[in-house]
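Per-entry structural report
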Amino acid sequence: MNFESELKKGNFVIGTCTDCDRVVWPPSNLCNSCFGKIIWKKASLVGKLIEYSKKNDIDFCLAEFENGVRIMGDLILKAKKPEIGAQVKLEKCGITDGNYSFVMSII
Amino acid sequence: MRQVAITNFGNTKFSRDDLTIESSLLSATKSLFDQTPNLTQKDIDVVLVSTNENSKYLSAILSELSGITPKISHTVENLCSSGTNAIVSAYSYIASGLGNVALVVGGDRYDSPGQILEWDKSRGEYKHPIFWATIFTKSYKRKYNISAENLAIVSVKNHRNAKDNPNAYSNKTYTIDDVLNSKNLTEDLRVLDCSRPCTGSSAVLLTSENFAKKFSDTPVWLKGIGQKTLSASFTKNPTFTQMNSTREAAKIAFDMSKLTSADVDVAEIHDAFSVCEPMILEDLNFAKNGEGLSLSKNMYDTFDRKINPRGGLIGTGHPLGATGVSQTVEVVQQIQGKAEKRQIENANIGLVHNMSAAATSSTVLLLKS
Ligand SMILES: [Zn+2]
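Read on for an overview of the structure. (Residues numbered from 1 in each chain as written. Chains lettered and ligands numbered in written order. Predicted model: local features only at pLDDT ≥ 70, side-chain atom pairs only at ≥ 80, totals over all residues. Heavy atoms only, no water.)

**Structural notes on the overall build of chain B**
To keep things clear, this is the line we draw: A helix here means a DSSP run of H or I that spans at least four residues, while a strand means a run of E at least two residues long, and both kinds are numbered starting from the N terminus. In this description the radius of gyration comes from C-alpha coordinates, and the expected globular size is given by 2.2 Å times residues to the power 0.38. For the exposure calls, accessible area comes from a 1.4 Å probe over protein chains only, and a residue counts as buried if that area is under 20% of its type's maximum, exposed if over 50%, partly exposed in between. Should any heavy atoms of two residues lie within 4.5 Å, those residues are considered in contact. Residue burial considers only the protein chains on display, and all accessible areas are found by Shrake-Rupley using a 1.4 Å probe.
Of the regular secondary structure elements, chain B holds twelve helices and eleven strands. Here the C-alpha radius of gyration of chain B, 19 Å, is about what a compact globule of 369 residues would show, namely 21 Å. Seen through its C-alpha atoms, chain B measures out along the principal axes to roughly 55 × 40 × 35 Å. Every one of the 369 residues in chain B was classed for burial, and the buried ones make up 63%. Of the contacts made within chain B by residues no fewer than 6 positions apart, 78% connect residues no fewer than 24 positions apart. If you sum the accessible surface of chain B, you get close to 13,300 Å²; carbon and sulfur atoms cover 49% of it.

Encoded structure:
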């Protein structure tokens, strides 16, 4: 099990160090604090909006999940203009054409 | 440590030409030799190439093509700030006594693989630099209540400055409306807000104190060097309205040189996108937070070329590995009084700011006559 094998299945997992319990992001084999081994745990799918914009007709955003885990991906807007800091939910994730892909929505 | 000077330079015109990287690097080297009468190949003991090209062993290749057999020779890659990183490496070789005369040549092609950092996957499908630039732009606009129209002045100013730079990729001037009406790349970024990838190379010669006068009557001294890397991932930037690595690099460079931003007469700063210029002006303490854009606007209104006289990256073009070297060439030319139409009166102290990958790392150089 690792980040990419889970992502391929549509699961969003976060690495945690088995020695010092820190969350390690972006995904790596070893802890960037103590070089300890990593175990993968399902992450909370609720985060907050840091910034967003639009390319052609697709909205996209930068969002932060627990423990400072930040990702960029498509954003499904339900209200017209979301507030920065609004709650977002990771609706879908996977690997498309070799890139990680994330779809988030405003809760 | 020994003092280190930049004595001479070479340039090529930035273009969309389909040259090989080797021939582009060689052209900049020839330009430097043409402008340095006392220089022979035997004088050079360090050759560094800064580039993002995938070609291997380029500094040995450039040495062979130029008839140089250096002691130290290798490539330096650090994305968009490869150029100043190579200058810092050359400085270190000379300051330590490992070398005396270093040729630094930076170059890239319009299709350089350095434009996208594949490793940074936390950006999902939004890996192209226009997306970090969009996040920076939107955040900066929101924080300081700035419009796209306000920001457009950066592109208008830097294209106007580039018009007097014969080596610049652009020789057109644009109005605010031209910028606003140029193609929308995202809701917050237009094509004229962006520096363009192109083909080009630039070169500088660095020497120890005892060689400086052999090659130039007006050596320019590297008085301050500051570098800081905070991460490789864009998403790890502590804020999106300033460049934190630039603030740290600037402090190191100013401390080393015992200079302050008030002492600086001329600066080339890394305006990869319009929003970068006001952010960097604030990060380098040329302006208070939120006031960088007023400074750019004021310089435009008063025909003041102090910031980005060669046209910055937006006007000059951005062949990644060449950029930091080209910025340094401009500041050296200004201090040596060789900047022709772009010359700033009494330019004695200059600054170069070069950064990589959404300002996850930055370099600041301070140069003095
Ligand atoms: Zn650990």
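**Topic: the sheet that holds strand 3 (residues 38-42) of chain A**
All names here are of chain A. Applied cut-off: We call two strands paired when DSSP finds no fewer than two bridges between them.
Spatially, 2-1-3 is the arrangement adopted by the three strands of the open sheet, whose pairing is antiparallel. Each of the sheet's edge strands pairs with one partner strand only, and the pair in question is strand 2 (23-24) and strand 3. The sheet contact formed by strand 1 (residues 13-17) and strand 2 spans two bridges and is antiparallel. Residue Gly15 lies in a different strand from strand 2, and its bridge partner there is Val24.

**Brief notes about the interface of chain B and chain A**
Test applied: The term buried area means the drop in 1.4 Å probe accessible area that two parts suffer when joined, counted for both and summed. When a carboxyl oxygen of Asp or Glu is within 4 Å of a side-chain nitrogen of Lys or Arg, the pair counts as a salt bridge. Within 3.5 Å is the distance limit for a polar contact, defined as a pair of N or O atoms, with the added protein rule that one can donate a hydrogen and the other accept it, and that residues adjacent in sequence qualify only through two side-chain atoms. Classification used: nonpolar for Ala, Val, Leu, Ile, Met, Phe, Trp, Tyr, Cys and Pro, charged for Asp, Glu, Lys and Arg, polar for all others including Gly.
At the junction of the two partners, chain B supplies 27 residues and chain A supplies 26 residues. Three residues stand out in chain B for area buried against chain A, namely Lys121(B), Glu125(B) and Tyr126(B), and they jointly supply 27% of the buried area on that side. Residue Lys121(B) is joined to Glu4(A) by a salt bridge in which the shortest nitrogen-to-oxygen separation is 3.4 Å. If you look at where chain B meets chain A, you find 14 residue pairs in polar contact (both at pLDDT 80 or more). For the side of chain B that touches chain A, the elements supplying multiple residues, two or more each, are helix 4 (129-144) and strand 5 (184-186) of chain B. No other element matches the seven residues that helix 4 of chain B contributes to the side of chain B that touches chain A. Across the side of chain B that touches chain A, the residue classes tally to nine nonpolar, eight polar and ten charged.

**Some points on the coordination of the zinc ion**
Residues and elements named next belong to chain A. For clarity, the threshold we go by: For Na, K and Ca the donor cutoff is 3.2 Å, while for all other metals N, O and S atoms count as donors only within 2.8 Å; water does not appear among the atoms, so some sites may look incomplete. Angle rules define the geometry names used: all angles between 85 and 135 degrees makes four donors tetrahedral, while opposite donors over 155 degrees apart and all other angles between 65 and 115 make four donors square planar and six octahedral, leaving every other case irregular.
Those protein atoms acting as donors to the zinc ion are Cys17 (SG), Cys20 (SG), Cys31 (SG) and Cys34 (SG), and they sit at 2.3 to 2.4 Å. Taken together, the four donor atoms coordinating the zinc ion and their angles of 99 to 120° define a geometry best described as tetrahedral. Taken in sequence order, the residues that donate to the zinc ion follow the motif C-x2-C-x10-C-x2-C. You can see Cys20 sitting in the loop between strand 1 and strand 2 and its partner Cys34 sitting in the loop between strand 2 and strand 3, a full 14 residues away along the chain. On the basis of relative accessible area, Cys20 is assigned to the partly exposed category, the value being 27%.

**So, the pattern of salt bridges**
Residues and elements named next belong to chain B. Taken as a whole and judged by the stated rule, the model has 21 salt bridges over all chains. Glu277 is paired through a salt bridge with Lys157; the nearest N and O atoms lie 3.1 Å apart. Of this pair, Glu277 sits in helix 9 (residues 276-283) while Lys157 sits in helix 5 (residues 148-162), placing them 120 residues apart in sequence. Note on accessibility: Glu277 and Lys157 belong to one class, buried. Two residues, Arg310 and Glu268, come together in a salt bridge whose shortest N-O distance is 2.8 Å. Here Glu268 lies in strand 9 (residues 266-268) and Arg310 lies in the loop between helix 10 (292-301) and helix 11 (312-316), a separation of 42 residues in the sequence. Given a relative accessible area of 1%, Arg310 falls into the buried group. Within the structure, one salt-bridge network assembled from shared partners comprises Asp18, Arg109 and Asp111.

**Considering the environment of Ile307(B)**
Residue and element names in this part refer to chain B. Mapped onto the fold, Ile307 is located in the loop between helix 10 and helix 11. Sequence-wise, Ile307 and Ser296 are eleven residues apart; in three dimensions their C-alpha atoms are separated by 8.0 Å. When neighbours within four sequence positions are excluded, Ile307 is seen to be in contact with Lys157, Asn158, Asn161, Ala267, Ile269, Glu277, Leu281, Phe286 and Met299.

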